[in-house]
Amino acid sequence: GAAHNWPSVVQVKEGLTRRDVLVPSRTSYPCGGRAQCTLTRSPGVQCFLRHVGATGVSDHSGLYKFSVNESDRFWGAVARQRLSWISPFHTVQNCDFSQGKIKWFEGGKLNVSVNCLDRHVQTCPERVALIWERDEPGTEVKITYRQLLELTCRLGNLLKRQGVRRGDCVTIYMPPCPLAMASMLACARIGAAHNVVFAGFSSEALADRIRDAQSSTVITVNQGVRGGKVVDLKRTVDQAVQNCPTVQQVLVAMRTENTVPMTDRDVPLEEEMMKEDVVCEPVAMDSEDVLFLLYTSGSTGKPKGLVHTQAGYLLYTSLTHRYVFNYHDGDVFGCVADIGWITGHSYIVYGPLCNGGTTVLFESTPVYPNPGRYWEMVERLGINQFYGAPTAIRLLLKYGDEWVQNYNRSSLKTLGSVGEPINTEAWEWYHRVVGDGRCPVVDTWWQTETGGICIAPRPADPEAEIVPGMAMHPFYGIKPALLDTEVGEVLSSNDSTGALCISQAWPGMARTIHNHHQRFTETYFHPYPGFFFTGDGAHRSKEGYYQIIGRLDDVINVSGHRLGTAELEDVVIYLMVEEDVLAQQLREMVSRSIAKYACPDFIQVVRCLPKTRSGKIMRRVLRKVVERNTDELGDLSTLDDPDSVHEVIRGHRRLR
Ligand code: 6R9
């Protein structure tokens, strides 16, 4: 492959002050986030066909076939066209599912932050890269490509000064904010991996992830602001790092004006980054070097740190962002996910920035200050593509149409859905009310493991039919297969239901589980040899359209968040084992809320209490047990679960 010229590092002339980052700015920039200067790396389909060398192919379905049948030619051409390489790759793909070996674009060197920033700064420095939609409506902050590059470089230099080296992993525990995004890009610039932990996770969950990633550096904020409430994020980090011996420093950005206790380990982020140079030499990374870890729930054991690498991931997010949403130069892309999830990584940060887009970073909730928030924001920011979760759509639907109709949504062109199946009612409402019946709704199926969207209604054709509630078609290069869950055979005919698998590699897929390659192969490649198993079930209709049914394994999807039953059980079992701790806590609660003398002498933990079928606790039975009069329990015919009494008796014997 031929290399693109390495863009020289752009010199940033003016310094950016802290004010620019933290205080709402109403400055209008020449491009104002709209097309004025051209960044085009987004050719139309005809141009695309020519570029990938798909001779004799004239339509979208032909292009799809080419992409799966000649995947080396397809991905090789797309990679040369869309990414800026420092040195060209020599091999498009080198994959073997039986060993869980996935390698793309070997030999190639590039820097992800240069692809997302520098090359756009060269052509269009004043274009808005991101709009930080802060919690309070109307206080948004716009950051241009030039400014985002500057923030990234300063942070990159600061991380280096703090001893972060190529190959290290930095944990980021921050709400959606420009400095979080710049932190991710700064890691990419200096060759460190990032590990973003959703800022809603508890200190234990955070500590688990810091330890597993072996991070020496954590980046956080003093406090978060969400739905009008202040959240003490730094305090959570303080608790977490107590149990993380690897952590040497915590960089603390100031999201609010409130001071928080700082220790020797803590570094005031803005203050220190302002001392740094605005130029930071990007490191030439190999295509298969780690870009980030992202933890997600599995069906067994601890959350897994899925590993994504540089070139393939970036290419895949950029291509899907362009074609699934029909994103064009100058559009404002509004993905309302949190950066702590894969959706935020791929469609707030990497996909849109690689495409030189304007991306929205949403800090608030769908109902703050009222259920009109999304649509008021759409009007104010002129959002063209809106990408959200069915759980939020279902919630807003209940508040009625007025909250939507109060605002002008004429800027909207495409509506996206992700995270869980979207039921027909929610789909119809999204389409009819939010999109006024004129915007296609794209229900996008994918996972942390797939890196980017794999099945979506019109990846290959802006005019294609869309059936409500169906994810429809595979994206370029994705070859889905349904397998019989009993016998493991491929179901080749339409109108069938089975385990959703993917039968050949694509550039965006995860490469391994951090430090657990065996678990990676066992989870994804052993259940159906020769295939990548997604964990989901799906139906392929008579017409050949895909509909996702949901998880087949022990993962529960709660409002689009993955929860492993094993993780929950771990916590509960832990509580059971610590029965005396629990008893002690209960005693303290009673003495605190009533009085010391009211404290029970004995506390016995049981699976359930003896209750009547109407739910009343049979206290007389309990009294007899305590008095050791178990021969005189009386009438037990109304008891719901007879075993519950035996259990209480057995436990009580052990206790005395
Ligand atoms: C992107 C993301 C992945 C799991 C996935 C599936 C469910 C995601 C869906 C969907 C039906 C869709 N899922 N998108 N189910 N229709 N459009 O959500 O990643 O957090 O890893 O969750 O979410 O069950 O396996 P992740």
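Note that the structure is a prediction, hence the values are computed from the model and not measured.

Draft legend 1. Seen up close, the packing of helix 5 (residues 112-123) against helix 6 (residues 145-161). Running from amino to carboxyl end, helix 5 crosses helix 6 at an angle of 135 degrees, the nearest separation of the two axes being 9 Å. Classified by the angle their axes make, helix 5 and helix 6 are oblique. Of the two possible hands of crossing, helix 5 and helix 6 adopt the one that is left-handed. Residues Cys-116, Leu-117, Asp-118, His-120 and Val-121 of helix 5 form the contact with helix 6, whose own contacting residues are Tyr-145, Arg-146, Leu-148, Leu-149 and Thr-152.

Draft legend 2. Inspection of the nonpolar core at higher detail. Grouped together as the largest cluster of nonpolar side chains are 129 residues, with contacts concentrated most on Trp-75, Phe-105, Leu-148 and Tyr-350. Here this core takes ten residues from helix 7 (residues 178-190), the largest share from any one element. For Leu-148, the residues in contact, after removing those within four places along its chain, are Leu-117, Ala-129, Leu-130, Ile-143, Met-181, Ala-182, Leu-185 and Leu-353. Counting 31 residues, the second largest nonpolar core, distinct from the first, contains Val-360, Val-404, Leu-415 and Tyr-430.

Draft legend 3. Seen up close, the sheet that holds strand 20 (residues 441-443). An order of 5-4-17-16-18-19-20 is seen for the seven strands of this open sheet, with the pairing classed as mixed. The open sheet has two free edges, formed respectively by strand 5 (141-144) and strand 20, since each of these has just one partner strand. Here the average twist between neighbouring strands, direction ignored, is 20 degrees. With four bridges connecting them, strand 4 (residues 128-133) and strand 17 (residues 358-362) associate as parallel partners. Bridging from a neighbouring strand, Trp-132 pairs with Leu-361 of strand 17. Along the sheet, helix 12 (residues 342-354) makes contact with strand 4, strand 16 (332-335), strand 17 and strand 18 (385-388), crossing strand 17 at roughly 155 degrees.

Draft legend 4. Structural detail: empty space enclosed by the protein. Across all of its chains, the model carries two cavities of 30 Å³ or more by this definition. Of the volumes computed, that of the second largest cavity is approximately 50 Å³. Around the second largest cavity, the lining residues are Asn-195, Val-196, Val-197, Phe-198, Phe-201, Arg-209, Leu-294, Tyr-295, Gly-340 and Trp-341. Put simply, the parts of the chain that give the lining of the second largest cavity at least two residues each are strand 7 (193-196) and strand 14 (290-296). Of the residues assigned to the lining of the second largest cavity, the class counts are seven nonpolar, two polar and one charged.

Draft legend 5. Fine view of the sheet that holds strand 24 (residues 496-502). Spatial strand order, 23-24-26-27: four strands in an open sheet with antiparallel pairing. Every other strand in the sheet has two partners, leaving strand 23 (480-483) and strand 27 (546-551) as the edge strands with one partner each. Neighbour to neighbour, the strand axes of the sheet diverge by 45 degrees on average, direction disregarded. With six bridges connecting them, strand 24 and strand 26 (residues 532-540) associate as antiparallel partners. Within strand 26, the position partnered with Thr-497 by the bridge is His-539.

Draft legend 6. Molecular detail of unusual backbone geometry. Cis geometry is adopted by the peptide bond preceding Pro-369, which originates at Tyr-368 and carries an omega value of -5 degrees. Along the chain, the position of Pro-369 falls in the loop between strand 17 and helix 13 (373-381). In this structure, Gln-214 takes a positive phi of about 55 degrees despite not being glycine. Within the fold, Gln-214 resides in the loop between helix 8 (203-213) and strand 8 (217-221). The phi dihedral of Met-472 is positive, around 70 degrees, even though this residue is not glycine. Its location among the elements puts Met-472 in the loop between strand 21 (455-456) and strand 22 (473-474).

Draft legend 7. Looking closely at the pattern of salt bridges. Here the structure, examined in full by the defined rule, presents 26 salt bridges. The partner of Glu-272 in a salt bridge is Arg-161, and the shortest N-O contact between them spans 3.0 Å. With Glu-272 in helix 10 (residues 269-273) and Arg-161 in helix 6, this residue pair connects regions lying 111 residues apart in the sequence. Under the relative-accessibility criterion, Glu-272 is labelled buried at 12%. Using a relative accessible area of 41% as the deciding quantity, one classes Arg-161 as partly exposed. Its salt-bridge partner being Glu-272, residue Lys-275 comes within 2.8 Å of it at the nearest N-O pair. A single network of salt bridges, built from pairs that share partners, joins Glu-133, Glu-140, Arg-373, Glu-376 and Arg-380.

Draft legend 8. Inspection of the site of the ligand at higher detail. In the region of the ligand, 17 residues are neighbours, and Asp-443, Thr-448, Asp-536, Arg-551 and Arg-562 sit closest. A distance of 3.1 Å is found between a nitrogen atom of the ligand and a backbone nitrogen or oxygen belonging to Gly-419. Arg-562 is positioned with one of its side-chain polar atoms (N or O) 2.8 Å from an oxygen atom of the ligand. Bound to the protein, the ligand loses 96% of the 530 Å² it would expose on its own. When the residues that make up the shell around the ligand are grouped by side-chain class, the tally is six nonpolar, six polar and five charged.

Scoring rules and cut-offs
For every chain, the first residue of the written sequence is number 1, and numbering continues from 1 onward in sequence order. In keeping with the predicted nature of the model, local features appear solely for residues at pLDDT of at least 70, side-chain atom pairs appear and are counted solely at 80 or more, and the whole-chain, interface and lining totals rest on all residues. Based on all heavy atoms of the structure, the side-chain values leave hydrogens and waters out of the count. With axes taken as lines fitted to C-alpha atoms, and helix axes fitted only over the stretch in contact, angles between N-to-C directions fall between 0 and 180 degrees. Secondary structure elements are defined from DSSP: runs of H or I of at least 4 residues count as helices, runs of E of at least 2 residues count as strands, and each element is numbered from the N terminus. Just so you know how the angles are binned, under 35 degrees is roughly parallel, over 145 roughly antiparallel, 65 to 115 roughly perpendicular, and the rest oblique. It is the rotation of the near helix from the far one that decides the hand of a crossing: anticlockwise by less than a right angle makes it left-handed, clockwise makes it right-handed. A contact between two residues is defined here by any heavy atoms of the two lying within 4.5 Å. In plain words, nonpolar cores are sets of buried Ala, Val, Leu, Ile, Met, Phe, Trp, Tyr and Cys residues tied together by side-chain atoms within 4.5 Å. Under the scheme applied here, a residue whose accessible area is under 20% of the maximum for its type counts as buried, over 50% as exposed, and between as partly exposed, the area being computed with a 1.4 Å probe on protein chains only. Here, a strand pair is defined by DSSP locating no fewer than two bridges between the strands. Both site types are read off a 1 Å grid over the protein atoms alone. A 1.4 Å probe that fits but cannot get out defines a cavity, while an open set with protein on both sides within 12 Å along at least five of seven lines defines a pocket; lining residues have an atom within 4 Å of a point. Grid points are joined across faces, edges and corners, and a volume is the space filled by probe spheres set on the points. Residue classes follow a fixed rule: Ala, Val, Leu, Ile, Met, Phe, Trp, Tyr, Cys and Pro count as nonpolar, while Asp, Glu, Lys and Arg count as charged, and any other residue, Gly among them, counts as polar. When a carboxyl oxygen of Asp or Glu lies within 4 Å of a side-chain nitrogen of Lys or Arg, that pair is called a salt bridge. A molecule or strand has a residue near it when one of that residue's heavy atoms lies within 4 Å. In protein, a polar contact means a hydrogen-donor-capable atom and an acceptor-capable atom, both N or O and within 3.5 Å, with residues adjacent in sequence counting only if both atoms are side-chain atoms; elsewhere, any N or O pair within 3.5 Å suffices. Surface exposure here means Shrake-Rupley accessible area, sampled with a 1.4 Å probe, where a residue is shielded only by the protein chains that are shown.

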